[in-house]
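An overview of the molecular structure
Chain residues, written in single-letter form:
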Amino acid sequence: MTGDAINADTHKKYEYKIIKLNYKWLDKILCLQDLIYDNMQNKDIYEKITEFELIDAFSGNGLCLGTIIEKQLVAFRILSYGDSETIELAKDCNIKEIHQVAFIEATIVKKNFRGNSLQKIMMKLTMDYLKKRRKFKYALSTVSPKNIASIKSLLANGFKLIKLSKMYKGKLRYVCSYDFTNKVSNKEQTTTLKFDDYENIHNLLLDGFYGERVIIDENSFYIEFSK
Ligand SMILES: CC(C)(COP(=O)(O)OP(=O)(O)OC[C@H]1O[C@@H](n2cnc3c(N)ncnc32)[C@H](O)[C@@H]1OP(=O)(O)O)[C@@H](O)C(=O)NCCC(=O)NCCS
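Residues numbered from 1 in each chain as written. Predicted model: local features only at pLDDT ≥ 70, side-chain atom pairs only at ≥ 80, totals over all residues.

The protein chain goes by N-acetyltransferase domain-containing protein in an unreviewed UniProt entry, where it is assigned to Helicovermis profundi.

Shown next as C-alpha cells:
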C-alpha cells in the first residue's frame, strides 16, 4: 500500500510504500531499532526485537512490515506465531488454542515521520493479514501503560486491555487481546480511570473489566473500562 507522510523536520510531503520485509532488510531493521532505542529517554517502554526473532519471522513464523520512503526504511512492525514467547503468553491468558494465537510484537517509527498514523496503518495491515489467513483465533500484544500512542493504535484496531502485570524482568505491561471469533458481549458497566492509576486499573481488570477506549482531555489521558 502507498500513501503520503509529512517529514516533521522539513514539513515536506513524501510518498511512502508499506511492504513485506525479508532477510535482505535484517541489518536495516536492527540499525533503525538501535538508532531509536539509543536515543529513547524512557527505555522501559520498548522491548528490543532480536536478530533471532526477525529470522524466525522471515522464515515463515511471522510477518515483518516496513514503511519505505525514498528507498529508506522509516518504520517497521513485527508479528510472530508459533514461537515459545507467544505460546507462553497464550498460556498465561488461559487460552487453550495456543497454536491459533498470533503475537503482535515491536513497532518503531523514525522520529521525523511520527504522527502520520504509520503505526496505526501498519497495525491495520497486520490484522488484515491475520484475518485473511483464518487460522487464528486470537491476537495478543503487550504494551507499556505509559505508551499512549501504542495503546490508541491497539484499541483503534479492536484490541482490548485484559491484564496489567509485571513482565520482561519487572516492567509494567498491559496484555491486549483481539478475538477473531468476534464474540459480542453486552456491556453492563462502564467506568473511566486516569491512565496512571495502576492499582485501581489492575483491580478492575481482575474483576473482569477490559479497557477499550482512550479518552483525552486538556490535562491527561483516561482509559474507559467495561464489562
Ligand atoms: C509509538 C510509535 C510507534 C508511534 O508511532 P506513530 O506512527 O507516530 O503513531 P500514530 O501516528 O499511528 O499514532 C496513533 C495515535 O496515537 C496518538 N499519539 C501519537 N504519539 C502520541 C503521544 N506521544 N502521546 C499521545 N498520543 C500520541 C496519535 O495522535 C494517534 O491518535 P489518533 O488515533 O487519535 O489519531 C513511535 O512513537 C515510536 O516509534 N516510538 C518508539 C518505539 C516504541 O515505543 N514502540 C512501541 C512499543 S513496541
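Text resumes after the structure shown.
**Describing the pairing of strand S2 (residues 13-20)**
Cut-off, in case you're wondering: By the convention used here, strands pair only if DSSP detects at least 2 bridges between them. Helix and strand labels come from DSSP, where a helix needs a run of H or I of at least four residues and a strand needs a run of E of at least two; each type is numbered from the N terminus.
Taken together, the 5 bridges between strand S1 (residues 2-6) and S2 define a ladder with antiparallel strand orientation. For aspartate 4, the partnering residue across the bridge sits in S2 and is glutamate 15. If you look at the hairpin formed by S1 and S2, you'll find 6 residues sitting between the two strands, and histidine 11 has a positive phi there, around 65°. The pairing of S2 with strand S3 (residues 62-69) spans 4 bridges and is classified as antiparallel. Along S3, the bridge assignment pairs lysine 17 with isoleucine 68.

**Thoughts on the packing of helix H4 (residues 118-133) against helix H5 (residues 148-156)**
Between two packed helices, what matters for the description is the angle formed by their axes and the separation of those axes. Threshold: Fitted lines through C-alpha atoms give the axes, limited to the stretch in contact for helices. The angle between two N-to-C directions lies from 0 to 180 degrees. For a crossing to be left-handed, the near helix must be turned anticlockwise from the far one by less than a right angle; the clockwise case is right-handed. Contact definition: two residues whose C-beta atoms, as placed from backbone geometry, lie within 7 Å. Any residue outside Ala, Val, Leu, Ile, Met, Phe, Trp, Tyr, Cys, Pro, Asp, Glu, Lys and Arg is labelled polar, Gly included; the first ten of those are nonpolar and the last four are charged.
Contact geometry of H4 with H5 gives a least axis separation of 9 Å together with a crossing angle of 35°. Every pair of crossing elements has a handedness; the one defined by H4 and H5 is right-handed. Of the residues in H5, those in contact with Gln119, Lys120 and Met123 of H4 are Ala149, Ser150, Ser153 and Ala156. Grouping the constituent residues of the contact of H4 with H5 by class yields 3 nonpolar, 3 polar and 1 charged.

**Some thoughts on H4**
How we decide: Each residue after the first adds 1.5 Å to the expected span of a helix. Once C-beta atoms are placed from the backbone, each residue is buried if 20 or more other C-beta atoms lie within 10 Å of its own, exposed if 12 or fewer, and partly exposed for counts between those two.
In a regular helix each residue adds 1.5 Å, so 16 residues correspond to 22 Å; H4 covers 23 Å between its end C-alpha atoms and thus fits that length. Taken together, the buried positions of H4 are occupied by Leu118, Gln119, Ile121, Met122, Met123, Thr126, Met127 and Leu130. Looking at the residues trailing H4, positive phi occurs at arginine 134, about 55°.

**Digging into the environment of lysine 110**
Inspection of the secondary structure assignment puts lysine 110 in the loop between strand S5 (101-109) and H4. C-alpha separation for the pair lysine 110 and glutamine 33, spaced 77 residues apart in sequence, amounts to 9.1 Å. With near-sequence residues (within four places) excluded, lysine 110 lies in contact with Leu32, Val74 and Ala75.

**Let's talk about the site of the ligand**
Keep this limit in mind: We call a residue near a molecule or strand when its C-beta atom, built from the backbone, sits within 6 Å of it.
As a matter of local geometry, the ligand sits amid 21 residues, with Val109, Arg114, Gln119, Lys120 and Ala149 nearest to it. Looking at the shell around the ligand, the elements with two or more residues in it are S5, H4 and H5. For the shell around the ligand, the element with the highest residue contribution is H5, accounting for 6 residues. Looking at side-chain class alone, the shell around the ligand contains 10 nonpolar, 8 polar and 3 charged residues.

**So, the environment of isoleucine 69**
One can find isoleucine 69 in strand S3. The partly exposed category is assigned to isoleucine 69, around which 19 C-beta atoms lie within 10 Å. On a C-alpha basis, the gap between isoleucine 69 and lysine 48 in space is 23 Å, while along the polypeptide they are 21 residues apart.

**A closer look at the pairing of strand S8 (residues 171-179)**
Bridge count for strand S6 (residues 138-143) against S8 is 6 bridges, and the pairing is antiparallel. If you follow alanine 139 over to S8, its bridge partner there is tyrosine 178. With 7 bridges joining them, strand S7 (residues 160-167) and S8 adopt antiparallel strand pairing. The residue bridging lysine 160 from the neighbouring strand is serine 177, located in S8.

**Focus on the environment of lysine 13**
By the secondary structure assignment, lysine 13 is in strand S2. A count of 10 C-beta atoms within 10 Å places lysine 13 in the exposed class. Sequence-distant contacts of lysine 13, defined by excluding residues within four places in its chain, comprise Asp4 and Ile6.

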